[in-house]
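Fold and contact review
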Amino acid sequence: MKYDVIGDIHGCYQELTTLIEKLGYQVSRNDTYHPDGRSLVFLGDLTDRGPESLKVIELVHLLIEQGMAKYSPGNHCDKLYRYFLGRNVQIRHGLETTVEEYEQLNDQEQSEISTKFKWLFENAPLYLRLDQDRLIVAHAGIRDDLIGHSHKRVRTFVLYGDITGEYHDNGMPIRRDWAKQYGGESIIVYGHTPVKEPRRVGNTINIDTGCVFGGSLTAYQYPENTTVSVPSTMPYVNEKFRPFDD
């Protein structure tokens, strides 16, 4: 099977449709296909911060219904899911942009979009094991000893990365650079921490190239082991592109 894994979208619908078209997909409401039989994979953080989060939800839902895509969640997906359940979540760190879009809808439209997203989230594996584990897609990455497990510690790692429990002065969590220690044979494709260019370390690749911060939206092509990117239309915010912590 051939896959195109797309990094953190964060509501950047225009860039998403441009990238999907660049990858060669023909998308319509009735039928979506790729002439080479490829499939799309989304590694989480579909929404928040960007201008059109609800359109992203609609498109990803359509593609998965059509059998043309797979999806595993990110930390922003987890928080939006809890918001749609009516849980007491803090509406900040980007969630406020999605909530603002949502509150502009009428009751029926709100019900439809929340139902679609809850369906996406509830039917998504924590991380994706593809091509007999030759390809692993996990939002913030995963250590080789955690593959095949789904307990709380795995969930925290996959959604938030290898966090230390400490924070930078700006409030961002300090994360260990787990990829430097990874020695497995599976290719692990992840995102979560924005980097200026796709970051390859051993058999890992970070494809969150910070689209919502003015970078680009990137897809990793498997098995070709190549990347395809489209530039962002958002203002560039240099300080959002963080180095990894040892």
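Going by what an unreviewed UniProt entry lists, the protein chain is known as Bis(5'-nucleosyl)-tetraphosphatase PrpE and is assigned to Pseudalkalibacillus berkeleyi.

Moving on, we get to the overall build of the protein chain. Within the protein chain, the secondary structure is distributed over 6 helices and 12 strands. A globule of 246 residues ought to have a C-alpha radius of gyration of about 18 Å, and the protein chain, at 17 Å, matches this closely. Taking the principal axes of its C-alpha atoms as reference, the protein chain extends roughly 50 × 45 × 35 Å. Of all 246 residues assigned to the protein chain, the portion counted as buried reaches 54%. Pairs at least 24 apart in sequence give 63% of the contacts found in the protein chain among residues at least 6 apart. Carbon and sulfur atoms form 44% of the exposed surface of the protein chain, whose accessible area is close to 11,700 Å². Positive and negative side-chain charges of the protein chain, numbering 27 and 35 respectively, have mean locations separated by a distance of 5 Å.

Right, let's get into the nonpolar core. One finds Ile6, Leu16, Leu40, Phe42, Leu46, Tyr71 and Phe117 to be the most contacted residues of the largest nonpolar core, which totals 43 residues. With 7 residues, helix α2 (residues 53-65) is the single largest residue contributor to this core. Ignoring anything within four residues of it in the chain, the contact list for Leu40 reads Asp4, Ile6, Ile20, Leu23, Tyr25, Leu63, Met68, Ala69 and Lys70. Formed by 17 residues, the second largest nonpolar core is a distinct cluster that contains Leu126, Tyr127, Ile142 and Val154.

For the rest of this paragraph, the subject is the environment of His149. By the element assignment, His149 lies in the loop between β5 (135-137) and α6 (152-160). Sequence-distant contacts of His149, defined by excluding residues within four places in its chain, comprise Tyr127 and Val154.

Two side chains carrying opposite charge are able to pair once their charged atoms lie near each other. Counting across every chain of the model gives 12 salt bridges. Between Arg38 and Glu224 there is a salt bridge; the shortest N-O distance is 2.7 Å. Of the two residues, Arg38 is situated in the loop between α1 (13-22) and β2 (39-42) and Glu224 in the loop between β11 (216-222) and β12 (226-231); the sequence distance between them amounts to 186 residues. Residue classification places Glu224 among the partly exposed residues on the basis of a relative accessible area of 35%. Lys116 serves as the salt-bridge partner of Glu58, at 2.6 Å between the closest nitrogen and oxygen. Taken as a pair, Glu58 in helix α2 and Lys116 in helix α5 (residues 107-122) lie far apart in primary sequence, 58 residues in all. Here Glu58 falls in the partly exposed class, since its relative accessible area comes to 29%.

This paragraph deals with the packing of aromatic side chains. The tally for this structure, following the rule as stated, stands at 11 aromatic pairs. Seen from their ring centres, Tyr83 and Phe84 are 5.7 Å apart, and the 55 degrees between their planes marks the pair as tilted. Relative accessible area serves as the criterion here: at 19%, Tyr83 is assigned to the buried category. Judged by its relative accessible area of 10%, Phe84 falls in the buried class. On the numbers, 5.4 Å between centres and 20 degrees between planes, the contact of Tyr236 with Phe241 is stacked. Overall, the relative accessible area of 45% leaves Tyr236 in the partly exposed class. Classification of Phe241 as buried rests on a relative accessible area of 11%. Feature note: the residues Tyr81, Tyr83, Phe84, Tyr102, Phe117 and Phe121 constitute an aromatic cluster, connected by ring pairs.

What counts and what doesn't
Residues numbered from 1 in each chain as written. Predicted model: local features only at pLDDT ≥ 70, side-chain atom pairs only at ≥ 80, totals over all residues. Heavy atoms only, no water. Helix = DSSP H or I, 4+ residues; strand = E, 2+ residues; numbered from the N terminus. Rg over C-alpha atoms; globule rule 2.2 N^0.38 Å. Buried < 20%, exposed > 50% of the residue type's maximum accessible area, 1.4 Å probe, protein only. Contact = heavy atoms within 4.5 Å. Areas by Shrake-Rupley, 256 points an atom, 1.4 Å probe, with all protein chains shown as cover. Lys, Arg positive; Asp, Glu negative; His and termini not counted. Charge placed at Lys NZ, Arg CZ, Asp CG, Glu CD. Core = buried A, V, L, I, M, F, W, Y, C linked by side-chain atoms within 4.5 Å. Salt bridge = Lys/Arg side-chain N within 4 Å of Asp/Glu carboxyl O. Phe/Tyr/Trp six-rings, centres within 6.5 Å; stacked < 30°, edge-to-face > 60°.

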